[in-house]
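Take a look at the letters that make up each chain.
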Amino acid sequence: MPLQLTPYQMVSIIQNGMNTPRQPKNIVVVGAGMAGLVAASLLKEAGHQVKMIEAANRVGGRVLTLRSPFTDGQYIEAGPMRIPSVHYLTLGYIRKFGLPINPFFNSTPNDILYVNGIKTRLKTYQRNPAMINANLAKNERGKTFVELLNFAFQPLYNFISQDPVRNWSMAIKELNKYSLDTFLRHNPFGDLRAIELAKMLTATEGLSELSFLDIFRQFVIFLNPHMRFYEITGGFDRLPRAFLPQLKEDILFQQEVRKIIQHDNKVIIRSVHTQTAKPFEITGDIAIITIPFSVLRFVEVEPYHSFSLNKWKAIRELHYVPSVKMGIQFKNRFWEREGMYGGQTISDLPVKQTYYPSHGFGEKCGVVLASYTWEDDAQVWDKMTQEAQIEYGLRDLAKIHDDGIIQNYVAGAVHSWVQQPYSAGSFALFKPEQEVELYPSILSPEGRVHFAGEHASTDRSWIQGAIASGIRVACEVNDLPK
């Protein structure tokens, strides 16, 4: 049974560390993303000998701030870009390291909707939802997409809030079989016709075949009118880099893991240097694997049956979401002249979601997150060269704004997570049935090998999930016998 920690206990561990172990151990952590950094930091602080193996030449994993080819100190977040105010673990580490934050304006009344050939503002649409042509039932006309989704979700919200621990377990058992699409089409709480509109205006069309439960967890955050969001001032890469003063001497970079060998009294990790192909071997009492299962599939395990069949099933079947982000720098911040200080555009164009910077207001230039897409919506971009993607991105932004913005183009960058060899996807989300079938096996240790990562948490796709799993696994191994 995986170790269960309350949020209060995890916040306390961030602030105060763990207890001193009875038997300090040699621990090898594979992966220097957020889960690996948190686990290694806590274990080293407690008194263990820790070494980290990382295939890339940097820390952070999927926390990645793209600063090139942009100029004037501009950047975009290729990975996480916002922190919900309820993510106390992420904010706890930010406070621990003294990192500055500023508000992230995920949505504003001035958000632009560009749907069915109609361009309007969110505040205008909210006053007159019928202005966007949609095939709605009579009782749905005059309601916004948020009101329509709340109609479908409110009974579930109410049920869970009555007893969150007990009722979440019951909801998982009953709703595990649903994708988002099947839940909206066959809503057990009442019919909903506005399926396509709801998916379009929440940018979940590409995710609609994935687990309803995983998408519902996202809606709980994004549809909450009281939720606030933050970003790390100066870039999210400042968070993983804040671990380096403690851990930099313990991280072996550019080591791609090829083999895990388990013995009764030790674990051996074999890797090769990504530049020289020179083989390397390190031995520990315990190994903590934090790399995505999409990458772990290619690592040999000896003996094979030292991992259970259920673990192998989880490694093979866990789904990682393809995601593409496109950043475009412009000579001037034309969007601010249109009243866009943060916030977003949602469209039915290929760019889907466009986010405007929540920092640098009034500066001369800026970078727009021109496109953020997932799943099927992301894969259509991967077929093009980066130059073609930026050209199409500019074209779509010109439709939303005006043709004159093309003349203000400075530079652009595109990041596809499915094409990155050490991630092979942006984050884990379950398919229907997998919450019950896979999740327990994702968490379970296999002999001397333990597991962490955002996929090994209920906050999948967030930094919070990676941190929570890192704390859990550190506590899990802290007092194990040597």
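Above this text sits the structure in question.
Summary of the structure given here. (Residues numbered from 1 in each chain as written. Predicted model: local features only at pLDDT ≥ 70, side-chain atom pairs only at ≥ 80, totals over all residues. Heavy atoms only, no water.)

### With respect to the pattern of salt bridges
Item 1. Counting across every chain of the model gives 21 salt bridges.
Item 2. Close ionic contact of R241 with D237 constitutes a salt bridge, the shortest N to O distance being 3.2 Å.
Item 3. When its relative accessible area of 44% is taken as the criterion, R241 is described as partly exposed.
Item 4. Across the pair E336 and R333 runs a salt bridge, and its minimum N-O distance is 2.7 Å. Just as E336 is buried, R333 falls in that class too. (Salt bridge = Lys/Arg side-chain N within 4 Å of Asp/Glu carboxyl O. Buried < 20%, exposed > 50% of the residue type's maximum accessible area, 1.4 Å probe, protein only.)

### A word on the environment of E363
Item 1. With respect to the secondary-structure elements, E363 resides in the loop between β19 (353–355) and β20 (366–374).
Item 2. C-alpha of E363 to C-alpha of H305: the two residues are 58 residues apart in sequence and 58 Å apart in space. (Helix = DSSP H or I, 4+ residues; strand = E, 2+ residues; numbered from the N terminus.)

### Looking at the nonpolar core
Note on soluble globular proteins: their nonpolar side chains tend to be buried together.
Item 1. Formed by 59 residues in total, the largest nonpolar core has its most connected members in F153 and F212.
Item 2. Looking at this core, the element that brings in the most residues is helix α5 (residues 145–162), giving eight residues.
Item 3. Judged by nonpolar contacts, the second largest core, of 44 residues, contains A35, V50, I83 and I94. (Core = buried A, V, L, I, M, F, W, Y, C linked by side-chain atoms within 4.5 Å.)

### What to know about the environment of L239
Item 1. Turning to its location among the elements, L239 is positioned in helix α10 (residues 238–241).
Item 2. Residue classification places L239 among the buried residues on the basis of a relative accessible area of 1%.
Item 3. For L239 and V59, which are 180 residues apart along the polypeptide, the C-alpha to C-alpha distance reads 9.7 Å.
Item 4. Beyond its immediate sequence surroundings of up to four residues, L239 is in contact with M34, T90, Y93, I94, F97, L99, I232 and I463. (Contact = heavy atoms within 4.5 Å.)

### Section: the sheet that holds strand β9 (residues 229–232)
By way of backbone hydrogen bonds, the strands of a sheet pair with one another, either parallel or antiparallel.
Item 1. As summarised here, the arrangement of the three strands in space is β5-β9-β6, forming an open sheet in which the pairing is antiparallel. Here the strands that pair on one side only, and so sit at the sheet edges, are β5 (83–84) and β6 (101–103). (Pairing = 2+ DSSP bridges.)

### Re helix α1 (residues 7–16)
Item 1. Every buried residue of α1 is accounted for by M10, I13 and I14. Buried residues of α1, viewed axially, fall in a sector of 100°; they line one side. Turned more than 90 degrees away from the buried face of α1 sit Y8, Q15 and N16, all of them exposed.
Item 2. Buried-residue contacts for α1 involve α2 (34–46), α3 (88–97) and α19 (463–478).
Item 3. Downstream of α1 by one or two residues, G17 has phi in the positive range, about 80°. (Arc of directions from axis to C-beta.)

### Focus on the packing of α5 against helix α6 (residues 164–175)
Item 1. Running from amino to carboxyl end, α5 crosses α6 at an angle of 135°, the nearest separation of the two axes being 6 Å. The pairing of α5 with α6 is recorded here as oblique in orientation. For the pair α5 and α6, contact is made by L156, F159, I160, S161 and Q162 and by P164, N167, W168, M170, A171 and L175, respectively. (Axes fitted to C-alpha atoms, helices over the stretch in contact; angles between N-to-C directions. Parallel < 35°, antiparallel > 145°, perpendicular 65-115°, else oblique.)

### A look at the sheet that holds strand β10 (residues 251–252)
Item 1. Strand order in the open sheet formed by five strands is β10-β2-β1-β14-β23, and the pairing between neighbours is parallel. Two strands bound the open sheet, and with one partner strand each, they are β10 and β23 (449–451).
Item 2. Relative to β23, strand β14 (residues 286–289) runs parallel, the two being bridged by three bridges. Residue pairing in the sheet places I289 in a bridge with F451 of β23.
Item 3. Together, β1 (26–30), β2 (49–53), β10 and β14 form the strand contacts of α2, whose direction differs from that of β2 by roughly 165°.
Item 4. The strands that α19 touches are β1, β14 and β23; relative to β23, the one it contacts most, it runs at about 155°.

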